[in-house]
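Okay, here's what each chain looks like letter by letter:
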Amino acid sequence: MGQPDETTPTPAKPLTKLQEGFAHHFARLWKAAPAYRLAGGAENGAKQNGQNLLKDERILAAIKAEAAALGMSVEEATVRMSEWGRTSLDDVLTEEEEEYTTYIEKPLREVVAENYEVILFEQELAIRVEALFTDKKDQKKYRNQQQALHLKRLIEHERLLLELEKKPDTVRIVPGPKAKRKVVRIDMVKVHELKASHLIKKITPTKYGQAYELHDAKDAVNTMLKVLGAFAPVKVDHTTNGNDMPGSNIMMPDNGRD
């Protein structure tokens, strides 16, 4: 009576604050040195001290428990996979109206006439703006720039005139009047409000805006069907590692064929 039972395990010594911190960070980093430093350990000898802590069964148990808490349960994975399989962006799409430039065919002779009107307008504007300069150097610099632009416009005009001489019936595709059209875009505010960002796999910027890629719904559905046992299991003969049984090949007679 009163003697301790030899079969009763001795209570494990509680972990120190540094050891607890090490287990916490190691379960996230899986690297001893940085986990040791983040736990408050000294920089010098962090790698060796971290490795020494990994020899302690209590710390290993704490790391395992921490990793298990961080991991995804079967139930959570099933829910997430099911959401991907049911993915629909209808709830986060927004229909908007935008203005865009149409393109029309126009005879080249009209293009040439309009282009010459532009040249005359730009030349008159340059003359008026030049008169606004009070500094002679700035005025000369501006004049030289405008003369170079004017020459460039004249060269382009001559090219159009030559083309018109050779092909009087030529047409050009040019910008036409503005028009409006309806477009559908993803409303990221709605995505945030519905907490549906996990349905988006990747967002890629393009010259036309952002491109959104969803998780593969078909793959998610197939995975869930496998989890639920909807597919018949593949039969494999383990006695031959999945290879054909000896003598099981069927040889068809050649019936006199060459």
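Residues numbered from 1 in each chain as written. Predicted model: local features only at pLDDT ≥ 70, side-chain atom pairs only at ≥ 80, totals over all residues. Heavy atoms only, no water.

*Asks:* An account of the pairing of strand β4 (residues 209–214) is needed here, citing residue identities and associated values.
*Replies:* Pairing between strand β3 (residues 200–206) and β4: 6 bridges, direction antiparallel. Across the sheet, residue Thr204 finds its bridge partner in β4, namely Ala211. The hairpin formed by β3 and β4 contains 2 residues between the paired strands. (Pairing = 2+ DSSP bridges. Helix = DSSP H or I, 4+ residues; strand = E, 2+ residues; numbered from the N terminus.)

*Asks:* Account for helix α3 (residues 46–53), naming residues and giving values.
*Replies:* Taken as a whole, α3 has its buried residues at Ala46, Gly50 and Leu53. One side of α3 carries all its buried residues, which in axial view fall inside an arc of 55 degrees. On its buried face, α3 is in contact with α1 (17–29), α2 (32–38) and α4 (57–70). (Buried < 20%, exposed > 50% of the residue type's maximum accessible area, 1.4 Å probe, protein only. Arc of directions from axis to C-beta. Contact = heavy atoms within 4.5 Å.)

*Asks:* Tell me about the packing of aromatic side chains, residues and numbers included.
*Replies:* When we look at a pair of aromatic rings, we describe it by the centre distance and by the angle of the planes. Counted under the stated rule, the structure contains 3 aromatic pairs. Here Phe26 and Trp30 contribute two aromatic rings whose centre-to-centre distance is 5.3 Å and whose plane-to-plane angle is 70 degrees, an arrangement assigned as edge-to-face. With a relative accessible area of 9%, Phe26 lands in the buried category. Judged by relative accessible area, which is 52%, Trp30 ranks as exposed. A network of ring pairs unites the aromatic residues Phe22, Phe26 and Trp30 as a single cluster. Note that Arg181 overlies the ring of Tyr100, its terminal NZ or CZ placed 4.1 Å from the centroid. (Phe/Tyr/Trp six-rings, centres within 6.5 Å; stacked < 30°, edge-to-face > 60°. Lys NZ or Arg CZ within 6 Å of the ring centre and 35° of its normal.)

*Asks:* Explain the packing of α1 against α4 to me, using residue names and the numbers behind them.
*Replies:* The N-to-C vectors of α1 and α4 enclose an angle of 45 degrees; their axes lie 8 Å apart at closest approach. With respect to α4, the element α1 is oriented oblique. As for the relative orientation of α1 and α4, their crossing is right-handed in sense. In contact with Gln19, Phe22, Ala23, His24, Phe26, Ala27 and Arg28 of α1, α4 contributes Arg58, Ile59, Ala62, Ile63, Glu66, Ala67 and Leu70. (Axes fitted to C-alpha atoms, helices over the stretch in contact; angles between N-to-C directions. Parallel < 35°, antiparallel > 145°, perpendicular 65-115°, else oblique. Left-handed = near helix turned anticlockwise from the far one by under 90°.)

*Asks:* Help me get a handle on the side chain of His157, residues and values and all.
*Replies:* Here His157 shows up in helix α7 (residues 136–166). Residues contacting His157, with those up to four places away along its chain left out, are Val112, Asn115, Tyr116 and Ile119.

*Asks:* Account for the nonpolar core, with residues named and values stated.
*Replies:* Core analysis: the biggest nonpolar cluster contains 14 residues, and Phe22, Phe26, Leu54 and Ile63 have the highest contact counts within it. Mapped onto this core, the elements with two or more residues apiece are α1, α2, α3 and α4. Those residues in contact with Phe22 that lie beyond four places of it in its chain are Ala32, Ala35, Tyr36, Ala39, Gly50, Leu53, Leu54, Ile59 and Ile63. The next biggest cluster of nonpolar side chains, apart from the first, holds 6 residues, and it includes Leu108, Val111, Leu164 and Val174. (Core = buried A, V, L, I, M, F, W, Y, C linked by side-chain atoms within 4.5 Å.)

*Asks:* Go over unusual backbone geometry with me, naming the residues and quoting the values.
*Replies:* The phi torsion at Trp30 lies on the positive side, around 55 degrees, for a residue other than glycine. Locating Trp30 in the fold gives a position in the loop between α1 and α2.

*Asks:* So what about the environment of Ile59? Which residues, and what values?
*Replies:* By the element assignment, Ile59 lies in helix α4. For Ile59, a relative accessible area of 0% corresponds to the buried category. Along the sequence, Ile59 and Phe22 sit 37 residues apart, while their C-alpha atoms lie 8.3 Å from each other. In this structure Ile59 touches Leu15, Gln19, Phe22, Ala23 and Leu53, once residues within four positions along its chain are discounted.

*Asks:* I'd like to hear about the pattern of salt bridges, residue by residue, with values.
*Replies:* Inspection of every chain in the model, using the stated rule, returns 14 salt bridges. A salt bridge links Glu156 to Arg159; the nearest nitrogen and oxygen atoms lie 2.9 Å apart. Remark: Arg159 and Glu156 occur in helix α7; sequence separation between them is 3 residues, near one turn of the helix. Shared partners join several salt bridges into a network, and the residues in it are Glu96, Glu98, Arg181 and Arg185. (Salt bridge = Lys/Arg side-chain N within 4 Å of Asp/Glu carboxyl O.)

*Asks:* Describe helix α6 (residues 108–130), listing the residues and the values that go with them.
*Replies:* Helix length check: α6 (23 residues) gives 33 Å between terminal C-alpha atoms against 33 Å at 1.5 Å per residue, within 8%. Leu108, Val111, Val112, Ile119, Ala126 and Glu130 are the residues of α6 that are buried. Those residues of α6 hidden inside the fold are in contact with β1 (93–107), α7 and β2 (171–186). (Expected span 1.5 Å × (residues − 1).)

*Asks:* Quick one: what's the story with the side chain of Glu130, residue by residue and with numbers?
*Replies:* Inspection of the secondary structure puts Glu130 in helix α6. Apart from residues lying up to four places away in sequence, Glu130 is in contact with Gln139, Tyr142 and Arg143.

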